[in-house]
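# A look at the structure
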Amino acid sequence: MGGRTLPLGLSNVLGDARRVSVHLGAMSPVPPADPGLFDKVVNLCKRRGFVFPSAEIYGGFRSTYDYGPVGVLLLRNVKEAWWRSMVQLRHDVVGLDAAVLSPPAIWQASGHLESFTDPLVDCRNCGERHRQDKLDDPDECPTCHARGSLTEARHFNLMFKTYAGPVEGAGAEVYLRPETAQGMFVNFKNVLETSRKRPPFGIAQIGKSFRNEITPQNFVFRTREFEQMEMEYFVPPDEAGKWFDYWCNERLRWYVDLGIPGDRLRLRRHPAEELSHYSVATSDVEFVFPWGWDELEGVANRTDFDLRQHAEASGEGLDYFDHALGERYVPYVIEPAAGATRTAMAFLLAAYDEEEVAREGPGQGEVRTVLRFHPRIAPYKVAVLPLSKKAELQAPANEVLAQLQPHFMCDYDETQAIGRRYRRQDELGTPYCVTIDFDTLDDRAVTVRDRDSMAQDRIPIAGLLDHLAPKLA
Ligand code: GAP
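What counts and what doesn't
Residues numbered from 1 in each chain as written. Predicted model: local features only at pLDDT ≥ 70, side-chain atom pairs only at ≥ 80, totals over all residues. Heavy atoms only, no water. Helix = DSSP H or I, 4+ residues; strand = E, 2+ residues; numbered from the N terminus. Rg over C-alpha atoms; globule rule 2.2 N^0.38 Å. Buried < 20%, exposed > 50% of the residue type's maximum accessible area, 1.4 Å probe, protein only. Contact = heavy atoms within 4.5 Å. Near = heavy atom within 4 Å. Polar contact = N/O pair within 3.5 Å; in protein donor to acceptor, adjacent residues only side chain to side chain. Pairing = 2+ DSSP bridges. Axes fitted to C-alpha atoms, helices over the stretch in contact; angles between N-to-C directions.

### Some words on the overall build of the chain
Helices and strands together make up the secondary structure of the chain, namely 14 helices and 25 strands. Against the 2.2 N^0.38 benchmark of 23 Å for 473 residues, the chain shows a C-alpha radius of gyration of 25 Å, consistent with a compact globule. Considering only C-alpha atoms, the chain reaches an extent of 75 × 65 × 55 Å along its principal axes. Across the 473 residues in the chain, those meeting the buried criterion constitute 53%.

The structure is reproduced here in structure tokens:
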């Protein structure tokens, strides 16, 4: 198979992932920007049903997006893979699903009402608004390039405010959470009393968060409504440094294990001036997006800041008595905080590949687009493709579906030439296609086609699940 590697070297993602080392901090090379890749992935997302602009028939709605039939599967798989590694495969982390609407008292205590702000500047020339901390040149408007046209920065709070109940006004104000984390802090006592967990232990949560971003941008990278996957790990204060290092490494490994090449990831330590108001140490897991290195996830040492703030504001004791040591303390918190929607985008970018291939069927060679997702991330695991719509192929096709559907998400497609159907599945990232042809009626076997190698094997229907299950685990 003659392969052409894209500028970012995305071939053999699965094979190389475990062998490459990851980059740490400032030593990482500056990656080449690749805006072409960005456009290709955004187009593919629309064309194949991953992501649609929200309210598109009304002209779209302010950088919000809807996840289509394939995108919703991708997003679920990202969240499921995170939950599996954070909760299912551990005995020291439990889950939570807290409310999105929350009273001002939470955000007063957490410091978000005062500090969760971005510096906003307006351009007096073109009227565009920008985040001052994201400007390349603080004197130039990036939209109209006028110099000296930007206003003084104002602090703009990113939280969405709304009203609970029929009467708007003071006393009815509530906030849409800008991070899932506070739900874990305000439930610390409930979880401690009901779960029989003791520090070090964690509370994990996946859910929507909302930020009134001044400049949502880069497709689903920065949006006003997004999903987070956060875990608060409560530890004895003198163990915080050790657990911070542990979670930085664990989180970096998670992306590599799921197929993102290690040379496209790095850990970047925040300098003091970049730290959030609650953090004494933060490292970002960064990924090479088409515009360069950018944040995928932050791992922070939040100290005992949040528990102390909520204890003081609510009057509830949020400390822990360690019977073995005979000591009472307020746990420190190490927080790995990832974005599910942003991570889904990174998996799409890392999986995207194009290569020249001999045509599958008569004719000349062609370039195929293929998403080389790790099987756990791939939206569909198997596509079931009867060679034609003829009635006699229906029974074996249904038999194959009945065998596989309880175990894997399957697509089913019986229209168009088989070569075009393979190309469509390549663009969806489906690891295996199962083709039912007229020989199936005699030999009770089907053709299994591998997405990456395009190799085809003849497998008895009776042994199909056993053949596929280990490859898709
Ligand atoms: N509780 C800590 C916290 O929320 P953060 O760095 O602000 O930390 C964590 O957010 C992750 O959430 C980010 O690394 C990113 O993946 C995701 N995220 C944050 N803002 C986002 C936005 N506007 N759109 C998409 N994802 C976002």
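### Structural notes on the environment of C126
Take C126: it is sitting in the loop between strand 6 (117-122) and strand 7 (129-131). We classify C126 as partly exposed; its relative accessible area is 34%. C126 sits 23 residues away from S149 along the chain, and the two C-alpha atoms are 8.8 Å apart. The contacts of C126, once residues within four sequence positions are left out, are C141, T143 and C144.

### Focus: the site of the ligand
Around the ligand sit 21 residues in total, of which E179, E213, T223, E230 and E295 are the nearest. Within the side chain of Q228, one N or O atom sits 3.0 Å away from an oxygen atom of the ligand. Residue L296 places a main-chain N or O atom 2.8 Å away from an oxygen atom belonging to the ligand. For the shell around the ligand, the secondary-structure elements that each account for two or more residues are strand 12 (225-235), strand 15 (292-303) and strand 18 (332-339). It is strand 15 that provides the largest number of residues to the shell around the ligand, a total of five residues.

### Thoughts on the sheet that holds strand 7
Reading across from one edge, 7-6-8 is the order of the three strands in this open sheet, with antiparallel pairing throughout. Taken across any chain shown, the strands that pair with only one partner, and hence form the sheet edges, are strand 7 and strand 8 (154-157). For this sheet, the mean inter-axis angle between neighbouring strands, taken without regard to orientation, is 45°.

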